[in-house]
Amino acid sequence: MFDETLRAGLGRQFLALFRRLPWLFLVTALLLPPAWAQANNPSGLPLPRFATTRSEPINVRVGPGQKYDIAWTYLKSGIPVEIVQEFDTWRKIRDADGTEGWIHQNLLAGTRAGYVTPLLANGEINLLASPSDDAAVRARLGPGLKVTIKQCDGVWCEVSASGQDPAARATTYSGYLHQEELWGVYPDEVFD
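Cut-offs applied
Residues numbered from 1 in each chain as written. Predicted model: local features only at pLDDT ≥ 70, side-chain atom pairs only at ≥ 80, totals over all residues. Heavy atoms only, no water. Helix = DSSP H or I, 4+ residues; strand = E, 2+ residues; numbered from the N terminus. Buried < 20%, exposed > 50% of the residue type's maximum accessible area, 1.4 Å probe, protein only. Contact = heavy atoms within 4.5 Å. Areas by Shrake-Rupley, 256 points an atom, 1.4 Å probe, with all protein chains shown as cover. Salt bridge = Lys/Arg side-chain N within 4 Å of Asp/Glu carboxyl O. Core = buried A, V, L, I, M, F, W, Y, C linked by side-chain atoms within 4.5 Å. Polar contact = N/O pair within 3.5 Å; in protein donor to acceptor, adjacent residues only side chain to side chain. Disulfide = S-S within 2.5 Å.

Novice: Residue-level account of the overall build of the chain, with values.
Specialist: The helix and strand inventory of the chain stands at 1 helix and 15 strands. Counting every position in the chain, which comprises 192 residues, the buried fraction comes to 33%. Once local pairs closer than 6 in sequence are excluded, the contacts in the chain between residues at least 24 apart make up 54%. Summing over all exposed atoms, the chain offers an accessible surface of approximately 12400 Å²; the carbon and sulfur share of this is 57%.

Written as C-alpha cells, this is what we have:
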C-alpha cells in the first residue's frame, strides 16, 4: 500500500513537471539570444559597421585565422571597409566592390573614410563649402575618389579629399557632400 502511494505521488510530480516543460523551453529560448549574440559578436559593437585599414601591407584571408590562405593584400592604409561579421579577434570585411575576406582586428581602425559614388553614372560631385545645395563649390570630385569622413548628420557629410591643383601641387580640399553619394556611411547615419 505504501508503495502505491509513493508511485502515485511520483506520477503527479512527473505530470506537473511535464506541464511546465513548455514554459521552461520558452524561458530558456528568451534568455539565449543575448548570450548567443554576444558569442557571435565579441567586440559588442554593432554589425555591420565601417572602418579603415590601419597599416600596410595587410593580408586579407579566406577564413578567420593565419592558417587560411591569403585572398588578396591591401598595399595602402586608410582603405574603407565594412565589417560584416566577427569571430574571436578576426573581422570579416567587405570592400566597396563587395568582395569579402578576413582581417585581424589589430589591422583595422575606427577612422571613417569612403569613396565618392555619384548618383549619375560617370558624373562628378560638387564638394560644397557648407551643407547646402546653394553653397559655393570648393572642388569637383570624380567617382571612386577616396575621402576622409569627419562627420555626418544624416543628410550631409563633412569630408576632406587630397588631390592636385592645376599646377600639379598636392592639396587638400574640405567641404560637404550629400551622404547618399558616399560609400562608407549608411543612409541616415549620424556621427561626429
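Novice: Please give an account of the pattern of salt bridges that cites residues and values.
Specialist: All chains considered together, the criterion is met by 7 salt bridges. Taking the shortest distance from any N to any O, the salt bridge between Arg49 and Glu86 comes out at 2.7 Å. Residue Arg49 is located in strand β1 (residues 49–53), and its partner Glu86 is located in strand β4 (residues 80–87); the two are separated by 37 residues in the primary sequence. Side by side, Arg49 and Glu86 carry an identical accessibility label, which is buried. For the salt bridge of Glu82 with Arg94, the shortest nitrogen-to-oxygen distance reads 3.1 Å. Taken as a pair, Glu82 in strand β4 and Arg94 in strand β5 (residues 90–94) lie far apart in primary sequence, 12 residues in all. Of the residues examined, Glu82 reaches a relative accessible area of 7% and is grouped as buried. Overall, Arg94 belongs to the partly exposed group, its relative accessible area being 27%.

Novice: Explain the nonpolar core to me, using residue names and the numbers behind them.
Specialist: By size, the foremost hydrophobic cluster in this structure holds 15 residues, and its most contacted members are Leu141, Val147, Ile149, Val159, Leu177 and Leu182. Counting only elements with at least two residues in this core, the list comes to β9 (125–128), β10 (137–141), β11 (146–153) and β12 (156–164). Phe50, Ala51, Tyr74 and Ile93 belong to the second largest nonpolar core, which has 14 residues in total.

Novice: Go over the side chain of Arg49 with me, naming the residues and quoting the values.
Specialist: The class for Arg49 is buried, based on a relative accessible area of 14%. Within the local environment of Arg49, its side chain forms a polar contact with the backbone oxygen of Pro46, the two atoms lying 3.0 Å apart. Residue contacts for Arg49: discarding those within four places in its chain leaves Ser43, Val81, Glu82, Ile83, Glu86, Arg91 and Tyr186.

Novice: For the state of the cysteines, give the residues involved together with the corresponding values.
Specialist: Two cysteines whose sulfur atoms are joined by a covalent bond form what is called a disulfide. A full pass over the atoms with the stated rule returns 1 disulfide. A sulfur-sulfur separation of 2.0 Å characterises the disulfide bridge that pairs Cys152 with Cys157. Taking the torsion about the S-S bond as the criterion, the Cys152 to Cys157 disulfide, at about 110°, is right-handed. Judged by relative accessible area, which is 4%, Cys152 ranks as buried. On the basis of relative accessible area, Cys157 is assigned to the buried category, the value being 0%.

Novice: Just give me the short version of unusual backbone geometry, but keep the residues and values in it.
Specialist: Of note, the bond from Leu47 into Pro48 is cis; its omega dihedral lies within 30 degrees of zero at -10°. Along the polypeptide, Pro48 turns up in the loop between α1 (2–40) and β1. In this structure, Pro57 follows Glu56 across a cis peptide bond, with omega equal to -15°. Phi angles above zero are rare outside glycine, and Ala168 is one such case at about 65°. Along the chain, the position of Ala168 falls in the loop between β12 and β13 (170–178). Given the relative accessible area of 52%, Ala168 is considered exposed. The residue Asp188 is not glycine, and still its phi comes out positive at about 65°. Topologically, Asp188 is positioned in the loop between β14 (182–183) and β15 (190–191).

Novice: Can you explain the environment of Gly98? Please cite residues and give values.
Specialist: Turning to its location among the elements, Gly98 is positioned in the loop between β5 and β6 (100–104). Spatially, the C-alpha atoms of Gly98 and Glu82 are 9.4 Å apart, while their sequence positions differ by 16 residues.

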